[in-house]
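# Residue-level structural notes
Given next are the chains, with one letter for each unit.
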Amino acid sequence: QVQLVESGGGLVQPGGSLRLSCAASGFTFSSYAMSWYRQAPGKERELVASIPSGGGTTNYADAVKGRFTISRDNAKKTVYLQMNSLKSEDTAVYYCNAKSWRELWGQGTLVTVSS
C-alpha cells in the first residue's frame, strides 16, 4: 500500500522549533523527489521546501529560507522538515509530497504557532 504519513505537528510558541517527519511505504522512496507543502486557512497550498531523490541541492520558499531545513534518509524512507524560529504566519497544515512518474500526497499534519 502506497502511503506517506506525516507526524510531528502540534502547538508551539513563536520562536520555537518543531521537526516534521514523513514516513513513506509501498514505493521506491529513493527514486522520488520529496517536498513539503503547506496550506494556511483561506490560502492556497504552497511549496515550502524540496529535495531531489538522491539528496543534494535543496530549495526553499523565500518565507522560510534560513529557518527551515529539509532532509531525507533513504534507508529509513523518511523525509524531515526542521523548523526553527517559528512565526505565527507559519501556522498551516503541512503536507508531504513525493514526485516521480506520479505524484503522491500525505494526509497532512497541523502546525499551530501561537502564544
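Our subject is the structure that appears above.
Predicted, not measured: the structure shown is a model, and the values here were computed from it.

Scoring rules and cut-offs
Residues numbered from 1 in each chain as written. Predicted model: local features only at pLDDT ≥ 70, side-chain atom pairs only at ≥ 80, totals over all residues. Heavy atoms only, no water. 1 Å grid on protein atoms, 1.4 Å probe; cavity = no way out; pocket = protein on both sides within 12 Å on 5 of 7 lines; lining within 4 Å. Points joined across faces, edges and corners; volume = space filled by probe spheres on them. Nonpolar A, V, L, I, M, F, W, Y, C, P; charged D, E, K, R; others polar. Helix = DSSP H or I, 4+ residues; strand = E, 2+ residues; numbered from the N terminus. Buried < 20%, exposed > 50% of the residue type's maximum accessible area, 1.4 Å probe, protein only. Polar contact = N/O pair within 3.5 Å; in protein donor to acceptor, adjacent residues only side chain to side chain. Contact = heavy atoms within 4.5 Å. Pairing = 2+ DSSP bridges. Phe/Tyr/Trp six-rings, centres within 6.5 Å; stacked < 30°, edge-to-face > 60°. Lys NZ or Arg CZ within 6 Å of the ring centre and 35° of its normal.

Here we come to the layout of surface pockets. Taken as a whole, the largest pocket holds about 180 Å³ of empty space. Considering the residues around the largest pocket, the lining is formed by R38, A40, P41, K43, E44, E46, A63, R67, E89, D90, T91 and A92. Residues of the lining of the largest pocket, tallied by class, amount to four nonpolar, one polar and seven charged.

Looking at the secondary structure, you find R67 in the loop between β6 (59-60) and β7 (68-73). Judged by its relative accessible area of 10%, R67 falls in the buried class. At 2.8 Å, the side chain of R67 and the backbone oxygen of A63 are in polar contact. At 2.9 Å, the side chain of R67 forms a polar contact with the backbone oxygen of S85. Setting aside residues no more than four positions away along its own chain, R67 makes contact with Q82, M83, N84, S85, L86, K87 and D90.

Before going further, it helps to examine the pairing of strand β5 (residues 46-51). Here strand β4 (residues 33-39) runs beside β5; their pairing, made up of five bridges, is antiparallel. Counterpart to M34 in the pairing with β5 is I51. Linking two consecutive strands that pair antiparallel, namely β4 and β5, is a turn of six residues; a positive phi of about 75° is found at G42 within it. In this structure, β5 lies alongside β6, joined through two bridges in antiparallel fashion. Within β6, the residue paired with S50 across the bridge is N59.

Here we come to the packing of aromatic side chains. The final tally for this structure, using the stated rule, is two aromatic pairs. Considering the side-chain rings of F27 and Y32, the 4.8 Å spacing of their centres and the 65° angle between planes classify their relative orientation as edge-to-face. Each of the two residues, F27 as well as Y32, counts as buried. Cation over ring: R45 sits above Y95, and NZ or CZ is 3.7 Å from the ring centre. When the ring centre of W105 is taken as origin, the NZ or CZ atom of R45, which lies over that ring, is 4.6 Å away.

Scope: geometric values only; no functional claims are made or implied.
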